[in-house]
Amino acid sequence: MKILLIGATGAIGRLIQPALQIDHDVISVGRSNGDILADISAITDIRHLFKRSGKVDAIICVAGSSVTGELDAMDITGYEAGIQQKLLSQINLVLIGLNYVNDNGSITLISGKIGESPVKGSSGKAVPNGAVNSFVKAAALEMPRGIRLNAISPAKISDIPANDLVLAYIKSIESKLNGAIIRIGYK
Ligand SMILES: NC(=O)c1ccc[n+]([C@@H]2O[C@H](COP(=O)([O-])OP(=O)(O)OC[C@H]3O[C@@H](n4cnc5c(N)ncnc54)[C@H](OP(=O)(O)O)[C@@H]3O)[C@@H](O)[C@H]2O)c1
């Protein structure tokens, strides 16, 4: 498979890229490092990214920041940042990227346990994570050409065996799952 991996140099990207490369052709993407440089919070960059990559069998996104902070220290800009960087970036990636995914391919987004199981100080992260899950469940119902859309929702990766993370990504790209929130490390 030809896989576009956005966020390849990050904590999750660094764990999964070597495993994916064993059986697949991985094109890495980031703002400052990668085979293709692109900022997925900019629509023009997303368009440019797919013009460079051409058609792919799978898109995996492990990029998208959000803000941590106690509620009384948060203001609306913190929520806006997470919504822009983690939610809308990934939605745009799907809307534009769909046209570049081969029939029966897949798109795998990133959310996080905090979206379903928050702790104090996590509302800025919970909002985009929960919304990514909602988007995936709804948009998966309308994926064309046999394309599948899933989200990986990990707990803190330092609490998860690396192999569990790798297996979750392999499950998302190689199985028939569609509209799934693949939870890893939930207690
Ligand atoms: N780490 C965890 O324990 C954990 C747990 C649950 C969920 N998550 C979620 O998983 C995602 C990745 O986390 P991480 O810890 O791997 O993050 P990270 O270490 O900060 O890495 C993020 C990666 O994404 C790239 N990136 C960031 N923004 C980008 C953008 N706008 N366009 C293109 N590339 C971008 C970064 O490279 P450049 O800086 O070069 O762009 C980097 O390769 C986040 O959404 C996070 O909330 C993480």
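Look a little higher up for the structure.
Residues numbered from 1 in each chain as written. Predicted model: local features only at pLDDT ≥ 70, side-chain atom pairs only at ≥ 80, totals over all residues. Heavy atoms only, no water.

## Comments concerning the environment of A81
Under the convention used in this document: Working definition: helices are DSSP H or I runs of at least four residues, strands are E runs of at least two. Numbering for both runs from the N terminus. Partly exposed describes any residue whose relative accessible area lies between the buried limit of under 20% and the exposed limit of over 50%, with all areas from a 1.4 Å probe on protein chains only and scaled to the type maximum. A contact between two residues is defined here by any heavy atoms of the two lying within 4.5 Å.
Looking at where A81 falls in the secondary structure, it is placed in helix α3 (residues 76–97). By relative accessible area, which is 30% here, A81 ends up partly exposed. Note: C-alpha distance between A81 and G124 (43 residues apart in sequence) is 8.7 Å. Not counting chain neighbours up to four residues away, the residues in contact with A81 comprise S65, V67 and K86.

## Description of the layout of surface pockets
Our working rule: With a 1 Å grid laid over protein atoms only, a set of points is called a cavity when a 1.4 Å probe fits there but cannot get out and a pocket when it is open yet has protein on both sides within 12 Å along at least five of seven lines; lining residues have an atom within 4 Å of a point. Grid points are joined across faces, edges and corners, and a volume is the space filled by probe spheres set on the points.
By volume, the largest pocket is sized at about 750 Å³. Forming the boundary of the largest pocket are 35 residues, of which V62, A63, G64, S65 and I110 lie nearest the centre. Those elements giving two or more residues to the lining of the largest pocket turn out to be α1 (11–23), β2 (25–30), α3 and α4 (123–139).

## Section: the packing of aromatic side chains
Describing an aromatic ring pair means giving the distance of the ring centres and the angle of the ring planes. Quick note on the threshold: Only Phe, Tyr and Trp rings are paired, with Trp represented by its six-membered ring, and only when their centres lie within 6.5 Å; those with planes under 30 degrees apart are stacked, over 60 edge-to-face, the remainder tilted. Each ring is checked for a lysine NZ or an arginine CZ that lies within 6 Å of its centre and within 35 degrees of its normal; such an atom marks a charge sitting over the ring.
The full count for this structure, using the stated rule, is one aromatic pair. Seen from their ring centres, F50 and Y100 are 5.2 Å apart, and the 15° between their planes marks the pair as stacked. Of this pair, F50 sits in helix α2 (residues 43–53) while Y100 sits in the loop between α3 and β5 (101–110), and the two are 50 residues apart along the sequence. We classify F50 as buried; its relative accessible area is 0%. Over the ring of Y186 we find K113; its NZ or CZ atom is 5.9 Å from the centre of that ring.

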